[in-house]
Structure formats: structure tokens, C-alpha cells
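Fold and geometry: a report
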Amino acid sequence: MIDVIDLKKNYGNLEVLKGITTTINKGEKIVIIGPSGSGKSTFLRCLNCMEDPTSGAVIFDGVNIADMKVDINVHRRRMGMVFQQFNLFNNKTVIENIMLAPVSVGIQELRRAKIKNFFTRARNVFTPNKKVLIPVNTSKAKIKAEAKENALRLLKRIGLEDKANVYPSTLSGGQKQRIAIIRALAMNPKVMLFDEPTSALDPEMVGEVLDLIRQLADEGMTMVIVTHEMGFAKEVATRVLFMDEGRILEENTPAEIFSNPQNPRTKEFLSKVL
């Protein structure tokens, strides 16, 4: 699904990623661990090109999305991203937050189809070989209605349908993060990226967020998760990557990484966190 090839990221003279190469297969649950400042979050942000890699390639479904010629917004829609700090819009209700991206993308696609059909009709007047118009079986009202229906379904899934019309400022941290997760799910992504999704939460709220991520894992969602929750990593991951100083120093199954690490730096790190 995603092939990362010699990925590097520099900020001026500072090398943050020093040549990351790995493959993320469909259905895998990749957990990335390592000390603070090791490049984990930067790697995650480079996966969907929220940060432009300095060099290297990120091949997502056969397309190098690190190529500046690619329309990254089209491909980014298929990668859901959940951040440490929720990033909900406080001036919009919960349901408006969830509907925002699907409605915006749907209306953009509708507008593009109508414009293309307009020019196709104009060309067809003067050419013997008529081009087929793009079928347009929707409207702005239908796009909004379908987005609202899907948002309510997702809210019901996490038991927060009663919060649909409230503002994020009235919610707990755990509720905000679960809503941030289903907001990403509203775009029907092929892969979900989680950047330390519980680090900003009080300990009592961590469990409800991890439970939702476990559900997604059980359903077969492809995921890449940066976390300091080692117990969660052992339970959910199909593969664990240990990063330090901008490199992947070791990758293996959770059983091997946590019980029998091979790299001395991995051993040192785990001895301090387990």
C-alpha cells in the first residue's frame, strides 16, 4: 500500500530524517516507538506530505505522492490523520466539524464535473466525434444530506450522538479526540495515521480513545501509530518500528521487539520505559 524509499527531511542544516525505507502493507498496524526528538512525528507527517520530504519517495497505491507534480490533496483524502491536539474548529458544532471535509470535497468534485461537462458540450457542437459527459447524479443539498447522515452514524458508533449540535469547548479531551478520529473516518480513508493520539489526554481519558483505535484495528483498517503507550503497542501492532536520530534502527513483531530486541539502542530505550 505504501512504499517509503530513502526518505529524508532536513530543516536547514538539521537532518531530521536520514533515509527511511520501509513498506506498509494493507491491513497492517504499524506502531512507531522511540525517544522524543527521534523523528517519529516528522516521518508520519511526511507520509501524507503535510511536510514536504527533502528527498526520497512515498509510493501510495502506485503514485509517488512526494512528487511535486502530483495533486497531493487528491491522495491525502485517502489518508486520515489524527493529531495530538485534536484540531477541531471551536466555532463549528461537532457535526459541522465532521461534515466539513466531505461536503467541501463533494462540492468541489460536483463543480469540476459541471465545468468539464460545460466545455465538453461546447466542443461537441463543433466535432463529429462526441465525447461522453460525466454523469452528475447529485446536488449540493444531497451532498450535505449524505454527509450529515454519515456524521450521525459515526457519532452513534462512539456513543456521542447527543453531542452533535454542541461546540467542542464543552467536551472532555477524550470526547474531542474520539470526534477527531471519526472526523477523519468520514472521508473513508484507506489508511489512518495517528500522531501520539493520547499524549494530550488525562490518564482516565486515554482508555476510551485507545478502545476506538482497537476497534478500527479489529476491523482491518491499515494504521500507522506513533505512541508512547507500550502496552497498547504490544496488543495492537502487527509490526513495531523503533526510531532514533532520524533512522529506523529496528523493526519486528511486538513479541520480538519487546522480548528480544537486537539493537543496543532499542534495548536501552525499552529498559527505561517498560
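Scope of this entry: the structure provided in the associated data block. Since we're looking at a predicted model, the values are computed, not measured.

**Concerning the pairing of strand S9 (residues 239–244)**
- Of all six residues in S9, six are buried; the element is thus mostly enclosed.
- What you see with S9 is no split at all: Arg239, Leu241 and Met243 on one side and Val240, Phe242 and Asp244 on the other are buried throughout.
- Where strand S3 (residues 29–33) and S9 come together, four bridges link them in parallel fashion. Of the residues in S9, the one forming a bridge with Ile33 is Phe242.
- Pairing of S9 with strand S10 (residues 247–252), which is carried by five bridges, proceeds in the antiparallel orientation.

**Regarding the pattern of salt bridges**
- Applying the stated criterion across every chain, the model contains 14 salt bridges.
- In this structure, the salt-bridge partner of Glu109 is Arg77, at a minimum N-O distance of 3.1 Å. Here Glu109, found in helix H3 (residues 94–126), pairs with Arg77, found in the loop between helix H2 (72–76) and strand S6 (79–82); they are 32 residues apart in sequence, far enough to count as distant.
- We note a salt bridge from Arg157 to Glu219, for which the minimum N-O separation is 2.8 Å. Note that Arg157 is positioned in helix H4 (residues 140–157) and Glu219 in the loop between helix H6 (203–218) and strand S8 (222–226), a separation of 62 residues in sequence.
- Of the residues examined, Arg157 reaches a relative accessible area of 30% and is grouped as partly exposed.
- Through salt bridges with shared partners, a single ionic network connects Asp244, Arg265, Glu268 and Lys272.

**Structural notes on the sheet that holds strand S7 (residues 191–195)**
- The sheet built from six strands is open, its strands ordered S6-S7-S8-S3-S9-S10 with mixed pairing. Each edge of the open sheet is held by one strand with a lone partner, namely S6 and S10. Averaged over all neighbouring strand pairs, the angle between strand axes comes to 15°, with direction disregarded.
- Across the sheet, helix H5 (residues 173–185) touches S6 and S7, and the angle it forms with S6 is around 170°.

**Focus: H5**
- Between its first and last C-alpha atoms H5 spans 19 Å; for 13 residues at 1.5 Å apiece the expected length is 18 Å, and the two agree.
- By the criterion of burial, H5 is predominantly enclosed, with 13 of the 13 residues buried.

**Section: the nonpolar core**
- Counting 53 residues, the largest nonpolar core has Ile33, Ile179, Ile181, Met192, Phe194, Ile213 and Met223 as the members making the most contacts within it.
- If one sorts the elements of this core by residue count, H6 sits on top with eight residues.
- Core analysis: the next-biggest nonpolar cluster, separate from the first, contains 27 residues, Val4, Cys46, Met81 and Phe83 among them.

**Some remarks on the packing of H3 against H5**
- Packing of H3 against H5 leaves a shortest axis separation of 8 Å and a crossing angle of 30°. One finds that H3 runs roughly parallel with respect to H5. With respect to the hand of their crossing, H3 and H5 are arranged in right-handed fashion. Contact with H3, carried on its side by Val94, Asn97 and Ile98, involves Ile179, Ile182 and Arg183 of H5 and no other residues of that element.
- Class assignment of the residues belonging to the contact of H3 with H5 gives a composition of four nonpolar, one polar and one charged.

**Structural notes on the layout of surface pockets**
- Roughly 630 Å³ of internal volume is contained in the largest pocket.
- What lines the largest pocket is a set of 21 residues, and nearest its centre among them are Arg76, Arg77, Met79, Ala101 and Met187.
- Listing elements by their share of the lining of the largest pocket, those giving two or more residues are H2, S6, H3 and H5.
- The calculated volume of the second largest pocket comes to roughly 260 Å³.
- As for the second largest pocket, its lining consists of Arg77, Arg78, Pro102, Val105, Gly106, Ile143, Glu146, Ala147, Asn150, Ala186, Met187 and Asn188.
- Secondary structure elements with two or more residues in the lining of the second largest pocket: H3 and H4.
- Grouping the amino acids of the lining of the second largest pocket by side-chain chemistry returns six nonpolar, three polar and three charged.

Thresholds applied
- Residues numbered from 1 in each chain as written.
- Predicted model: local features only at pLDDT ≥ 70, side-chain atom pairs only at ≥ 80, totals over all residues.
- Heavy atoms only, no water.
- Buried < 20%, exposed > 50% of the residue type's maximum accessible area, 1.4 Å probe, protein only.
- Helix = DSSP H or I, 4+ residues; strand = E, 2+ residues; numbered from the N terminus.
- Pairing = 2+ DSSP bridges.
- Salt bridge = Lys/Arg side-chain N within 4 Å of Asp/Glu carboxyl O.
- Axes fitted to C-alpha atoms, helices over the stretch in contact; angles between N-to-C directions.
- Contact = heavy atoms within 4.5 Å.
- Expected span 1.5 Å × (residues − 1).
- Core = buried A, V, L, I, M, F, W, Y, C linked by side-chain atoms within 4.5 Å.
- Parallel < 35°, antiparallel > 145°, perpendicular 65-115°, else oblique.
- Left-handed = near helix turned anticlockwise from the far one by under 90°.
- Nonpolar A, V, L, I, M, F, W, Y, C, P; charged D, E, K, R; others polar.
- 1 Å grid on protein atoms, 1.4 Å probe; cavity = no way out; pocket = protein on both sides within 12 Å on 5 of 7 lines; lining within 4 Å.
- Points joined across faces, edges and corners; volume = space filled by probe spheres on them.

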